[in-house]
Amino acid sequence: FRRRELGRAVLVHLTISELATAEERDLATVVLDTGARLEDDGDLLVDPPEGVTMDDLTFEEDDGTQDRNRR
């Protein structure tokens with residue numbers, strides 16, 4: 001977790017660094033954008049359908065236990 005967070009911090013700084021080339025800044029932005037769409041296990045998050053706003057969505061985290069009321 002710590003390495004991942006440090007890596008993200010480096011990429012964020014790279015996107016605004018005057019020492020980086022435009023190509024390096026663009027690449028860092030692409031990596032950050034892609035990472036934002038990945039779950040911790042590497043699975044791609046599902047993009048909401050066109051026209052759906054975040055206010056229209058409900059997210060639930062699976063804690064690994066089964067809901068006994070669901071069948």
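Residues numbered from 1 in each chain as written. Predicted model: local features only at pLDDT ≥ 70, side-chain atom pairs only at ≥ 80, totals over all residues. Heavy atoms only, no water.

## Quick notes on the overall build of the chain
Each helix and strand counted, the chain has two helices and zero strands in total. With 71 residues in all, the chain has 3% of them scored as buried. Taken as a whole, the chain presents about 7,100 Å² of accessible surface, with 51% of it coming from carbon and sulfur. (Helix = DSSP H or I, 4+ residues; strand = E, 2+ residues; numbered from the N terminus. Buried < 20%, exposed > 50% of the residue type's maximum accessible area, 1.4 Å probe, protein only. Areas by Shrake-Rupley, 256 points an atom, 1.4 Å probe, with all protein chains shown as cover.)

## Regarding a nonpolar patch on the surface
On the surface, Leu-27, Val-30 and Val-31 cluster together into a nonpolar patch covering about 260 Å² of accessible area. Position of Val-31 relative to the elements: it lies in helix α2 (residues 22-36). Residue Val-31 is classed as partly exposed on the basis of its relative accessible area, which comes to 41%. (Patch = residues over 30% accessible without salt bridge, like charges linked within 9 Å, V, L, I, M, F, W, Y side chains within 5 Å. Salt bridge = Lys/Arg side-chain N within 4 Å of Asp/Glu carboxyl O.)

## Considerations on the environment of Arg-8
Its place among the elements puts Arg-8 in helix α1 (residues 2-16). Between the C-alpha atom of Arg-8 and that of Ala-28, which follows or precedes it by 20 residues, the distance is 9.3 Å.

## Some thoughts on the packing of α1 against α2
For the pair α1 and α2, the least separation of the axes is 8 Å and the interaxial angle reads 140 degrees. Taken as axis vectors, α1 and α2 run oblique relative to one another. Seen along the crossing, α1 lies across α2 with a hand that is left-handed. Judged by residue contacts, Arg-8, Leu-11, Val-12, Leu-14, Thr-15 and Ile-16 of α1 engage Glu-24, Arg-25, Ala-28, Thr-29, Val-31 and Leu-32 from α2. Tallied by class, the residues present in the contact of α1 with α2 amount to seven nonpolar, two polar and three charged. (Axes fitted to C-alpha atoms, helices over the stretch in contact; angles between N-to-C directions. Parallel < 35°, antiparallel > 145°, perpendicular 65-115°, else oblique. Left-handed = near helix turned anticlockwise from the far one by under 90°. Contact = heavy atoms within 4.5 Å. Nonpolar A, V, L, I, M, F, W, Y, C, P; charged D, E, K, R; others polar.)

## Some points on the pattern of salt bridges
Summed over the entire model, instances satisfying the criterion amount to one salt bridge. Here Glu-5 and Arg-8 are joined by a salt bridge, their closest N and O atoms 2.6 Å apart. In this pair, Glu-5 and Arg-8 are both assigned in helix α1, three residues apart and thus about one turn of the helix distant. Classification of Glu-5 by relative accessible area gives partly exposed; the value is 32%.

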